[in-house]
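Notes for the structure review
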Amino acid sequence: MKEKIGNVVLDYTYYSGKDLYSDGDVEEELLEISENYSENQWNQVIAEKKSWPVLYHYSHIRQNSVEWLPIKKEDTVLEIGSGCGAITGSLAKKAGKVTCIELSKRRSTINANRNKKYNNIEILVGNFQDISQNLTGKFNYITLIGVFEYSAGYIGGEHPYVEMLKTVSKFLKPDGKLIIAIENRLGLKYWAGCREDHVGEFFEGIEGYPKTQNVRTFSLKEWDMIFKQAGMYKYERYYPYPDYKFPMSIHSDQWLPKVGELREIHYNFDRNRLRLFDETRTSDQIIENDLYPWYANSYLFVASLQNAEAESEKCIFSKYSNDRSDKFSIRTDVIMQEGKRKVIKRAETENGKEHLNNIVVYYEKLKEMYRDTPIRMNRCQKIEDGIELEYLEGRTLEQVLDDLVQKKEYEEVWKILKGYIDVLRKAGEKVKFKYTEAFIDVFGKVELSENTISCACMNIDPVCANILWSDTEWQMLDYEWTFLFPIPVNYQIYRVLKYYLYTSTARGPLQALNFWKRAGISEEEIVVYDKMEENFQKYIVGEHIPLRNMYRDISPGIYLDVKQLNDYEKYLEKDRIRIYPDQGNDFTEATAWTIEQTEKIMLPEHTVRLRIDPCEKQCIIGDIQICTGKGEELSFYTNGKKIGKGLYFFDTTDPYIIIENIPTDCLCLMQSMSIQKLETVSENYVKQIVQEKEKESASYTSQIRQLNAEMAIKEQINRTLEKELEQIRQQLEATKETLNVTEETLNTTKETLKAREHLIDEMRNTKVWKLYSAIKRN
């Protein structure tokens, strides 16, 4: 029996009549989305629903796990365990034919609805073991994405995982590829406190699954054993980051991550977690000690049959920039071809091709701009399906500076940064700033003086990670964000400092060394550049809502954040204040730092709230003032008892002050307060202060009563005046009525007189009156 939904064919020949696997009622919601929303609407739907299942099944980032593979239009693909079709569409775009195998009819219906525009998809509904016994034909690619761990349910038997590899090998063409994506049971995120993905238990995988059956992930050593026992494969190992579900980069043994590269910690969208240590710093240590393959969060294997010919070209690294507006959506690959490496950038959408082609234009302009400086541009040329950049090796400026930070050579860090900044500041033709439509479109209508020194052509992204460093030449690796209109030079410098100082907790000590001022950037400028940066980020994403912006709404968050002992000891030192920023993930020790009592507070990016812990003693705090760099005073609340104007008594060993609604353009806060700990303040002194404040309060109460009495008298006077005014108004009304009557009487009299005069005139004209008048005269 077959059914057709749109162009997709569903084959129920091997369907048992009952779905043996289901996520429950949420699948009805997933079906409704597939029926009523198109692909370009899914991102908005995810943001509105704020649901982990909707995110998991409909985020286009899921497709990144296979989209980078060199699948061609003449290739056929077998997708085992296609589920709700999260990657089916991506495969259908690339391949000639996609055959899906899925146990659930409902999930297959969702898949068919969401991908109904493709005419090259067939879904076989039923158990893989039943279908595989009757499956004919061989495929160029077979995928097991998030499926291999369930092989015990698909295959059964004593060695189901080995048997799964043996079974699928029967359907591979001689030069075909088997693609497996799966979690690493010893992945760093599990050590750091994430729950095991399949069973939701803490440490279940790294303890060897003592409570779990029928689902299992494996370590790197275990994978080597499984492939060895299967006996017919050779394979390449890849490492999706942060994991295979939402990969934004895919490394390999030929291209492992570098120190400072792995910074993502917000990936527990499905369940709450612990945070036992700083994962970014730990990742750096693992990388530095050549251990990354053993602790990567996920694996992706590209396996081929033992007798398959070796490839002349393969991708060894892929990085996605597609969690933004589709007109800027691109992918960067490092390709190994006949022993040599090259860098290829490809547009992920038709709209992205123009942006990609512009990079070739920028190359020519920037090459001329930096001709007389130590900066050299990475060579760029147009190719058929994108652009090719020269592959360059070396250490980035970021890595060079981080080495110095580790050695605590902070002034040397500044010396190198200053030399780089000076070159950037002098390069290119300087012009006065003027607003253009293009500038406002990208950076908004911010307040900039016409005297602001600007460049007519500028790459705003020469950040330290984009510069290969040496004593003689500095290679600019990437110049994607170049603009051909006036932009302030200091904004470029601002970005260099911002994206070095605030993208790693290890660089925290540098934040107190006033690099901004040394670079000639005022606090007033920083406020403006923060707004420019905010608008620029909005310009990049457009209407698209990035995954990182959904974390706070979807993730259950952090169940427990273990305090960093070293930082905690610093917190206990006298005359120190502990600062906790909330960047959408609540207040945590992992992101906290300690400042001197009089220091200003530099805010990390995206800070929405701030908690200030003045000490760990009972204390009295007064004269609390917290304001932005512009001098705007901010409101706050505390867990202390207010005992007078601006004076708080904290009867706790954990006093805190919390500032909410921090403006988005706020880079730093100015704070001041007077702190008196109870170990130096007697109880009597506290009582005395309270009594004084109570006296003040009583005095205020007396003054208020006096004012109330005066107000009562005023009200009585007002009521009397109102009565008199009412009487006068009534008298005026009566007088007006009398005048009206008098006026009517006068009018009547006038009419009567006119009538009499008329009668007299008539009588004077009669013969009798004339005779009477003559007699009277005689």
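Everything here concerns the structure above.
So, here's what we can say about the structure. (Residues numbered from 1 in each chain as written. Predicted model: local features only at pLDDT ≥ 70, side-chain atom pairs only at ≥ 80, totals over all residues. Heavy atoms only, no water.)

1. Looking at the overall build of the chain
In plain terms, the rule: Helix and strand labels come from DSSP, where a helix needs a run of H or I of at least four residues and a strand needs a run of E of at least two; each type is numbered from the N terminus. Based on C-alpha atoms, the radius of gyration is set beside the globule rule, defined as 2.2 Å times the residue count to the power 0.38. Three exposure classes are used, based on accessible area relative to the maximum for each residue type with a 1.4 Å probe and protein chains only: buried under 20%, partly exposed in between, and exposed over 50%. What makes two residues a contact is simply this: any of their non-hydrogen atoms within 4.5 Å. Values of accessible area rely on a 1.4 Å probe in the Shrake-Rupley scheme; residue burial ignores everything except the protein chains shown.
When you go through the chain residue by residue, the secondary structure sums to 24 helices and 35 strands. A compact globule built from 778 residues would reach a C-alpha radius of gyration of about 28 Å, whereas the chain, at 39 Å, exceeds it by more than 25%. Principal axes of the C-alpha set define a box for the chain whose edges measure 165 × 85 × 65 Å. Across the 778 residues that make up the chain, the buried fraction comes to 50%. Residue pairs in contact within the chain that sit at least 24 positions apart in sequence constitute 70% of those at least 6 positions apart. Roughly 39,300 Å² of accessible area belongs to the chain as shown, and the carbon and sulfur atoms make up 49% of that amount.

2. A word on the sheet that holds strand β18 (residues 430-432)
This is how the line gets drawn: Any two strands with at least two DSSP-identified bridges between them are counted as paired.
The 3 strands lie next to each other as β18-β19-β24, forming an open sheet whose pairing is antiparallel. This sheet does not close on itself; its edge strands, each paired only once, are β18 and β24 (487-488). The pairing of strand β19 (residues 453-455) with β24 spans 2 bridges and is classified as antiparallel. If you follow Cys-455 over to β24, its bridge partner there is Ile-487.

3. Some remarks on the pairing of strand β3 (residues 76-80)
Keep this limit in mind: Note on handedness: a clockwise path from strand one over the helix to strand two, with the strands aimed away from the viewer, defines a right-handed crossover.
Where burial is concerned, most of β3 is hidden: 4 out of the 5 residues are buried. Bridge count between β3 and strand β4 (residues 97-102): 5 bridges; the pairing is parallel. Each bridged residue has a counterpart across the sheet, and for Thr-76 the counterpart in β4 is Lys-97. In this fold, β3 hands off to helix α5 (residues 88-94), which returns the chain to β4; that crossover is right-handed.

4. Looking at the packing of helix α9 (residues 160-169) against helix α11 (residues 220-230)
For clarity, the threshold we go by: Here an angle of 0 to 180 degrees is reported between the N-to-C directions of two axes, which are lines fitted to C-alpha atoms, with helices fitted over the stretch in contact. Relative orientations are named as follows: roughly parallel for angles under 35 degrees, roughly antiparallel for angles over 145 degrees, roughly perpendicular for angles from 65 to 115 degrees, and oblique for any other angle. In this scheme, a crossing is called left-handed if the near helix is turned counterclockwise away from the far one by less than a right angle; it is called right-handed if the turn is clockwise.
Between α9 and α11, whose axes approach to 9 Å, the crossing angle comes to 55°. What the angle tells us is that α9 and α11 run oblique. In the packing of α9 onto α11, the handedness of the crossing is right-handed. Contacts between α9 and α11 involve Tyr-161, Val-162, Leu-165 and Lys-166 on the former and, on the latter, Ile-226, Phe-227, Gln-229 and Ala-230.

5. Overview of the nonpolar core
Put simply, the rule is: Side-chain atoms within 4.5 Å link the members of a nonpolar core, which is a set of buried Ala, Val, Leu, Ile, Met, Phe, Trp, Tyr and Cys residues.
Core analysis: the largest hydrophobic core is formed by 79 residues, its most contacted members being Phe-443, Tyr-479, Phe-483, Trp-516 and Phe-536. Those residues within four positions of Phe-536 in sequence are excluded, and the remaining contacts are Val-442, Phe-443, Ile-460, Trp-481, Phe-483, Tyr-491 and Arg-495. In this structure, Leu-135, Val-162, Leu-178 and Leu-262 belong to the second largest nonpolar core, which totals 43 residues.

6. Observations concerning helix α2 (residues 42-49)
When α2 is considered as a whole, its buried residues turn out to be Trp-42, Asn-43, Val-45, Ile-46 and Ala-47. Buried residues along α2 sit against α1 (26-36), α3 (52-58), α6 (105-114) and α21 (551-554). Lys-50 sits one or two residues past α2 and shows a positive phi near 50°.

7. So, the side chain of Thr-99
Its location among the elements puts Thr-99 in strand β4. For Thr-99, the contacting residues outside a window of four places in its chain are Val-77, Leu-78, Glu-79, Glu-122, Leu-124 and Phe-139.

8. Observations regarding the pattern of salt bridges
We count it as follows: Between Lys or Arg on one side and Asp or Glu on the other, a salt bridge is scored when a side-chain nitrogen of the former is within 4 Å of a carboxyl oxygen of the latter.
Tallied over the entire structure, the rule returns 50 salt bridges. With its nearest N and O atoms 3.4 Å apart, the salt bridge here joins Lys-211 to Glu-201. A residue pair is termed long-range when its members are at least 10 positions apart, and Lys-211 in the loop between α10 (188-192) and α11 and Glu-201 in the loop between α10 and α11 qualify at 10 residues. Given the relative accessible area of 62%, Lys-211 is considered exposed. Across the pair Arg-273 and Glu-279 runs a salt bridge whose closest N-O atoms are separated by 2.9 Å. Relative accessible area serves as the criterion here: at 0%, Arg-273 is assigned to the buried category. Connected through shared salt-bridge partners, Glu-67, Arg-331, Asp-333, Arg-346, Glu-348 and Asp-385 make up one network.

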